[in-house]
There are 2 protein chains.
Amino acid sequence: MRLATVGRPGGGTTAAVRHGDAWHALPAPDLSAFLRAGAPVRAGAEIPGAVPVLPLPTPAKVLCCGLNYTEHIREMGRELPSHPTLFAKFADTLTGPQDDLVLPRGLRIDWEAELAVVVGAPLHRADRATALAGIAGYTAANDVSVRDWQNRTTQWLQGKAWDGSCPVGPEVVTPDEVDPAAGLAVVCRVNGEQVQRASTGTLVFDAADLLAYVSSFTLLRPGDLVLTGTPGGVGAARDPQRFLADGDVLETSIEGIGTLRNTVRLTD
Amino acid sequence: MRLATVGRPGGGTTAAVRHGDAWHALPAPDLSAFLRAGAPVRAGAEIPGAVPVLPLPTPAKVLCCGLNYTEHIREMGRELPSHPTLFAKFADTLTGPQDDLVLPRGLRIDWEAELAVVVGAPLHRADRATALAGIAGYTAANDVSVRDWQNRTTQWLQGKAWDGSCPVGPEVVTPDEVDPAAGLAVVCRVNGEQVQRASTGTLVFDAADLLAYVSSFTLLRPGDLVLTGTPGGVGAARDPQRFLADGDVLETSIEGIGTLRNTVRLTD
């Protein structure tokens, strides 16, 4: 199944399930609320003109894994990890699949295309099998990073939690339709030029590993989001370095899931 | 004023304000909801037998500053910072002023007594004066840290976000009654033995600095919480190192605010 939060032409949003090209309403204002309620998917009326927006507007927890693709670990000059490197974002950090990325001028803004995992069941000290069974689906994300702030101190949060900086969506695809462990292409493009391409099959810690690990210290709930890390090709690791400029179009694609298309808008 | 969330003897909680030794109800189920609603403080009926519990059960954001007292920075072997080192906790990380700290056996659990700042107004790119005016009050916290997990990777989150590990409270005291910039004693005791003592007057970044800085990248809202960092004397920096054991009583006091008293309970 392909789930989303969609905007209605007249205003407002609803959780929805896609049948072919048509979106059908689910009984909740968004996918966060729908997953929390735990109701079965029973498609309601078709919504003409529906447009996917941020699928998960109110996750209680957003965790991200850094340094999870061998190639990106090497380009950042680090060793292969024995444990996942984890940091948090806020619900406010997320933005929709077509939204502008509005950030102040003068920052070193970089891209990080990522597979994101959506939690579908409460997970507390889950083993790998339980974690795998507790995945609601997968979506695309870009962990857009403000590198100068990220590197001001040892802790990355202040470069990773700028409001509205992390596009997510457009759809949440259930595990019966996509299998990241088998390898999905993760692609990032800037103004049409491919800057990242890798396979989710090369993740050091896969989706089930990450959910199980996180659940050993904090409860994961339906609608929570775990970003799995970015592959090689980020702007900070290039020579010369390259950062996002006003008007740049950032495209983030995960094979079998969909594409985020966001324009950078720098403000004074 | 002294505000809290209190448990009613018959069950349930309510936001409350203290007059002398008596707690009087405020029209919200807890202080998070009361601050979000933004209503003026008008004391209702007295609540006989009221007991302060976790004052802020549902903050949208909990941010923490590391390395913010000169002495603690030196004991951890680091240089004085030009920017605050920030990381996040979740609402689930917090627990009440008298609650047991229930954690699995076998972890290196350390104390970090801290002054916490409660946000009282929306703050977006606030300057110092606006941030100072947007403080609802101050409370006590202990950023209890699982050192072995904290140091598994470069990012501290996985040692700082164990569910129910961070006691907060017992009261939120408004800025007209306490002034951390003038110097409040922060004291931590383990089984009655003093292990940390410092003055909030020696913070590198004070409450207003931290709120202003954080608000430059993410909106702070009423009820959000910012922990200001811990002074010297943590267990990991001792020789030999010392960690919390089953049954240890951890007391965290901030002068003019109150004392948290939590017992460590290790489980299999």
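All of these numbers come straight from a predicted model, not from anything done at the bench.

Colleague: Please clarify how the environment of L123(A) should be interpreted in this entry.
Modeller: All names here are of chain A. Tracing the backbone through its elements, the reader meets L123 in the loop between β10 (113-119) and α3 (128-133). Sequence separation between L123 and G134 is 11 residues; the distance between their C-alpha atoms is 7.1 Å. If we skip the residues at most four places from it in the chain, L123 touches T130, A131, G134, L211, S215, T218, L219 and L220.

Colleague: Quick question: what am I supposed to make of the interface of chain A and chain B here?
Modeller: Accessible area lost upon the coming together of the parts is a frequently used measure of interface size. Listed as interface residues are 33 residues of chain A and, on the opposing side, 33 residues of chain B. At the boundary of chain A with chain B, total buried surface from both sides reaches about 3000 Å², with 55% on carbon and sulfur atoms. Together, F90(A), Q155(A) and F217(A) form the three largest contributors to the area buried by chain A at its contact with chain B, with a combined 23%. There are 4 salt bridges connecting chain A and chain B. A salt bridge links R221(B) to D92(A); the nearest nitrogen and oxygen atoms lie 2.8 Å apart. In this structure, the connection of chain A to chain B is made through 20 residue pairs in polar contact (both at pLDDT 80 or more). Contributions of two or more residues to the side of chain A that touches chain B are made by β6 (85-89) and α5 (157-160) of chain A. When residues of the side of chain A that touches chain B are assigned to their parent elements, the largest contribution, 4 residues, is made by β6(A).

Colleague: What is the right way to look at the packing of aromatic side chains in this model?
Modeller: Centre distance and the angle of the planes are the two values used to describe a pair of aromatic rings. Inspection of the entire model under this criterion finds 10 aromatic pairs over all chains. Ring plane angle 25° and centroid distance 5.1 Å describe the contact between W149(A) and Y213(B), whose orientation is recorded as stacked. With W149(A) in helix α4 (residues 147-150) and Y213(B) in helix α6 (residues 207-215), this pair bridges two chains. Y213(B) carries the same exposure label as W149(A), and that label is buried. Grouped by ring-pair contacts, the aromatic residues W149(A), W162(A), Y213(B) and F217(B) constitute a single cluster. One cation-aromatic arrangement involves R152(A) over W149(A); the distance from NZ or CZ to the ring centre is 3.9 Å.

Colleague: It is not clear to me how helix α6 (residues 207-215) of chain A should be interpreted in this structure. Could you clarify?
Modeller: Turn by turn, an α-helix covers 3.6 residues, leaving residues three or four places apart pointing in a common direction. All names here are of chain A. Of all 9 residues in α6, 8 are buried, a share of seventy percent or more. For α6, the complete set of buried residues consists of A207, A208, L210, L211, A212, Y213, V214 and S215. Sitting at the head of α6, D206 places a side-chain oxygen 3.2 Å from the backbone nitrogen of A208.

Colleague: Whenever I open this one, the relation of the copies chain A and chain B confuses me. Can you help?
Modeller: Applying a rotation about an axis and a shift along it to one chain copy brings it onto the other copy. Take chain A, turn it by 180°, move it 0.0 Å along the axis, and it overlays chain B with an RMSD of 0.0 Å. Such values leave the two copies arranged in the relation of a two-fold axis. An overlap of 100% is found between the interface residues of chain A and their copies at the interface of chain B, pointing to a shared contact surface.

Definitions and cut-offs
Residues numbered from 1 in each chain as written. Chains lettered and ligands numbered in written order. Predicted model: local features only at pLDDT ≥ 70, side-chain atom pairs only at ≥ 80, totals over all residues. Heavy atoms only, no water. Helix = DSSP H or I, 4+ residues; strand = E, 2+ residues; numbered from the N terminus. Contact = heavy atoms within 4.5 Å. Buried area = accessible area lost by both parts, 1.4 Å probe. Salt bridge = Lys/Arg side-chain N within 4 Å of Asp/Glu carboxyl O. Polar contact = N/O pair within 3.5 Å; in protein donor to acceptor, adjacent residues only side chain to side chain. Phe/Tyr/Trp six-rings, centres within 6.5 Å; stacked < 30°, edge-to-face > 60°. Buried < 20%, exposed > 50% of the residue type's maximum accessible area, 1.4 Å probe, protein only. Lys NZ or Arg CZ within 6 Å of the ring centre and 35° of its normal. Least-squares fit on C-alpha atoms with pLDDT ≥ 70 in both.

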